[in-house]
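Here is how the chains run, residue by residue.
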Amino acid sequence: MSPQSQTLSSLKNLKQANTVLDTTAQPKIDDLGRSYATGKRKNAVARVWLKRGSGKIVVNGRDIGTYFARPVLQMIINQPFVTSNRSGQYDVMCTVLGGGLSGQAGAVRHGISRALTYYEPDLRSVLKAGGFLTRDSRVVERKKYGKAKARRSFQFSKR
């Protein structure tokens, strides 16, 4: 046998000694001090830019109160900030395409959550526990032939 043969346990110890664990994730911030992420929900896709600021949220060039008039949708969008105790600390500029208002609000929330984790990687565990980083994959079921809707049949008549 050659002098370089080693046992499996010694190889395992060697591998553990050579492995460098870098548990601190680095922030992903561009030259303008922003982090970028995309969020999706139903058929809506949101492109979100996040930077330090006064808490102003602009969606498609309009203020959040104008674009999402219903308070429930505004609450959905602000959930990542409230959960991570960062309310009023970041400015958000986003563009949303596709879907309805509910899907767009969910897409913006998903995008904000991802951008927050890029800006501050330490917030990942808090946002993950709240379920904000998981893409909600539920979409509308397609209509089938011979049916009124996806599953609803036409009304039965004996005549």
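Per chain, the residues get numbers from 1 upward, laid out in the order the sequence is written. Local features in this predicted model are restricted to residues whose pLDDT is 70 or higher, and side-chain atom pairs enter the listing and the counts only when it is 80 or higher, whereas totals over whole chains, interfaces and linings include all residues. Hydrogens and waters are ignored; side-chain quantities use all the structure's heavy atoms.

The next subject is the overall build of the protein. Helix and strand assignments follow DSSP, with helices taken as H or I runs no shorter than four residues and strands as E runs no shorter than two, numbered in order from the N terminus. Along its length, the protein carries five helices and five strands. Tracing the protein from N to C terminus, the helices and strands come up as α-β-β-β-β-α-α-β-α-α. Residue exposure (1.4 Å probe, protein chains only): buried if accessible area is under 20% of the type maximum, exposed if over 50%, otherwise partly exposed. When burial is assessed residue by residue, the protein has 30% of its 159 residues classed as buried. Of the roughly 11100 Å² that the protein leaves accessible, carbon and sulfur atoms contribute 53%. Note on areas: these come from Shrake-Rupley sampling with a 1.4 Å probe, and a residue is covered only by the protein chains present in the view.

Further remarks concern the pairing of strand β5 (residues 90–97). As paired strands, strand β2 (residues 44–52) and β5 are joined by eight bridges and run antiparallel to one another. Across the sheet, K51 pairs through a bridge with D91, a residue of β5. Only when DSSP finds a minimum of two bridges between them are two strands counted as paired. Judged from the three bridges that link them, strand β3 (residues 57–59) and β5 form a sheet pairing that is parallel. Of the residues in β5, the one forming a bridge with I57 is V92.

Let us now look at the pattern of salt bridges. Salt bridge criterion: a side-chain nitrogen from Lys or Arg within 4 Å of a carboxyl oxygen from Asp or Glu. Under the defined criterion, the tally for this structure stands at seven salt bridges. D30 is the salt-bridge partner of R34, the closest N and O atoms lying 3.1 Å from each other. Relative accessible area serves as the criterion here: at 26%, R34 is assigned to the partly exposed category. Of the charged contacts, one joins R86 and E120 as a salt bridge, the two residues approaching to 2.8 Å between their closest N and O atoms. Remark: E120 occurs in the loop between α4 (101–119) and α5 (124–130) and R86 occurs in the loop between α3 (71–83) and β5; sequence separation between them is 34 residues.

In space, the five strands of this open sheet follow the order β1-β2-β5-β3-β4, with mixed pairing throughout. Every other strand in the sheet has two partners, leaving β1 (34–41) and β4 (62–63) as the edge strands with one partner each. Throughout, a contact is declared for two residues whenever any of their heavy atoms are within 4.5 Å. Fitted lines through C-alpha atoms serve as axes, helices being fitted only where they are in contact, and the angles separating the N-to-C directions of these axes extend from 0 to 180 degrees. With respect to the sheet, α3 is in contact with β2, β3 and β5, its orientation differing from that of β3 by roughly 145°. This element, α4, spans β1, β2 and β5 of the sheet and lies at about 145° to β1.

Moving on: the environment of T38. Tracing the sequence through the fold places T38 in strand β1. As a C-alpha pair, T38 and R114 span 76 residues in sequence and 7.5 Å in three-dimensional space. Not counting the four nearest positions on each side in its chain, T38 is found in contact with A46, R47, H110, G111 and R114.

What follows is about the environment of N60. Its location among the elements puts N60 in the loop between β3 and β4. In this structure N60 comes out as partly exposed when scored by relative accessible area, which is 31%. Sequence separation between N60 and R47 is 13 residues; the distance between their C-alpha atoms is 10.0 Å. With residues near it in sequence (within four places) discarded, N60 still touches Y67, C94, T95 and V96.

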